[in-house]
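So the chains spell out like this:
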Amino acid sequence: ERSGDKETDWFGLLEEFVTDVMATERKGQPAVVLADALPEEEGSTEVWDIDGFPLLQELPMVLFGDSSSGKSFFAMWLAGVLASRDIPVLYADWEFSQKEHRRRLERLFSPMPKRLHYVRCESPLTRDADRLARMVREYGCQYVVCDSIGFAVEGAAETHDAARGYFRGLRQLGVGSLSIAHIPAQTEEGKDPKIFGSTFFK
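Everything numeric in this text was worked out from a predicted model, so none of it was measured.

Colleague: It is not clear to me how the packing of helix α2 (residues 71-84) against helix α3 (residues 98-108) should be interpreted in this structure. Could you clarify?
Modeller: Packed helices, taken two at a time, are described by the angle between their axes plus the distance between the axes. Where α2 contacts α3, the axes come no closer than 10 Å and their chain directions differ by 60 degrees. If you check the angle between α2 and α3, you find them oblique. Here the hand of the crossing between α2 and α3 comes out right-handed. Taking contact as the criterion, the partners of S72, F73, M76 and W77 in α2 are, on α3, H101, R104, L105, R107 and L108. Residues that form the contact of α2 with α3 fall into these classes: 5 nonpolar, 2 polar and 2 charged.

Colleague: Is there a simple way to think about the side chain of S177 in this case?
Modeller: For S177, the location among the structural elements is in strand β7 (residues 176-182). Note on S177: relative accessible area 1%, which makes it buried. Each residue touching S177, except ones within four places of it in the same chain, is listed here: L59, P60, M61, Y143, V144 and L170.

Colleague: Explain helix α6 (residues 160-173) here, please?
Modeller: The α-helix winds at 3.6 residues per turn, so residues separated by three or four positions along the chain end up facing the same way. In this model α6 runs 21 Å from its N-terminal to its C-terminal C-alpha over 14 residues, within 8% of the 20 Å that 1.5 Å per residue would give. Where α6 is concerned, the buried positions are A162, A163, G165, Y166, F167, G169, L170 and L173. Looking at the buried residues of α6, the elements they touch are β3 (60-65), α4 (125-139), β6 (143-147), α5 (149-152) and β7. After α6 finishes, the residue G174 shows a positive phi value of roughly 80 degrees.

Colleague: Honestly, the pairing of β3 in this entry has me stumped. Any pointers?
Modeller: Each regular strand shows side chains that alternate between the opposite faces of the sheet. Covered by surrounding structure in β3 are M61, L63 and G65 only, the residues P60, V62 and F64 on the alternate face being uncovered. Note that β3 and β7 share 6 bridges and pair parallel. By the bridge assignment, M61 is partnered in β7 with L178.

Colleague: I'm lost on the pattern of salt bridges in this one. Help?
Modeller: Side-chain pairs of opposite charge can arise whenever the charged atoms involved come near each other. Per the stated rule, a full pass over the model turns up 9 salt bridges. The shortest N-O distance in the salt bridge between R120 and D93 comes to 3.6 Å. Taken as a pair, R120 in strand β5 (residues 116-120) and D93 in strand β4 (residues 89-93) lie far apart in primary sequence, 27 residues in all. Put simply, R127 and E154 hold a salt bridge, and the shortest N to O gap is 2.9 Å. Here R127 is found in helix α4, whereas its partner E154 is found in the loop between α5 and α6, with 27 residues between them in sequence. For E154, a relative accessible area of 35% gives the class partly exposed. Salt bridges linked by common partners bring D93, R120 and E122 together as one network.

About the cut-offs
Residues numbered from 1 in each chain as written. Predicted model: local features only at pLDDT ≥ 70, side-chain atom pairs only at ≥ 80, totals over all residues. Heavy atoms only, no water. Axes fitted to C-alpha atoms, helices over the stretch in contact; angles between N-to-C directions. Helix = DSSP H or I, 4+ residues; strand = E, 2+ residues; numbered from the N terminus. Parallel < 35°, antiparallel > 145°, perpendicular 65-115°, else oblique. Left-handed = near helix turned anticlockwise from the far one by under 90°. Contact = heavy atoms within 4.5 Å. Nonpolar A, V, L, I, M, F, W, Y, C, P; charged D, E, K, R; others polar. Buried < 20%, exposed > 50% of the residue type's maximum accessible area, 1.4 Å probe, protein only. Expected span 1.5 Å × (residues − 1). Pairing = 2+ DSSP bridges. Salt bridge = Lys/Arg side-chain N within 4 Å of Asp/Glu carboxyl O.

The following block contains the structure:
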C-alpha cells in the first residue's frame, strides 16, 4: 500500500520469503571437511591468561560458588583486565544495576578501562540473544560476561531444557563468555556442589 505499486504480488513475495527463511533454518549450517578448514592464526593461544586464571576465547565458561562470595566482583575484574588490554567486552547484567557495577569498576581500576560495555537485561537470554549479538557486532566485543544464570535462564533452572536454551543463546553471541551462577546453600556431605542442584550447567 505504501509503495502504490498494485502490480507486484507483495503477499506472494512475503510468503516466499517466509518459506525460504524456514527452509534455511531447517537446513542449518553445512558440514565441512575438517582437514580443509582454515587453521588458527599464528600465535593464537585460544586462552587469555588473566594472572593465572584462564579464559577460553571462543567457548562458554561458568563461574560458580556460594552466594555473596565475590563472583560478580571477580567477573568484573576479569572483564576490566581484558578491556585494559584493548579487548572489547560486553557485561550483560540481569542481577544488579549500572550504578553498582560502575562503583565496582572504579574501585578495581584507575583509570577505568574504556572498552568495557555494560548493558542491563530484563528478558531471559533465549529472548535477548539477538539484541546482545547485535551489540557484540556493533562494539566489536570479543568476550561477554553474563551475570547471572539464575536470572538469565528461562524456566526452572534445574531442567535440561533451561540449560539447553541458555547455551543456545550463548552460541548466538558468537564469542567466548563467562556466566556466573550460585550453588545451593545445602550440599550433601562428600558430594561436589552442583549449580542449581543440577549437572546440566557444569
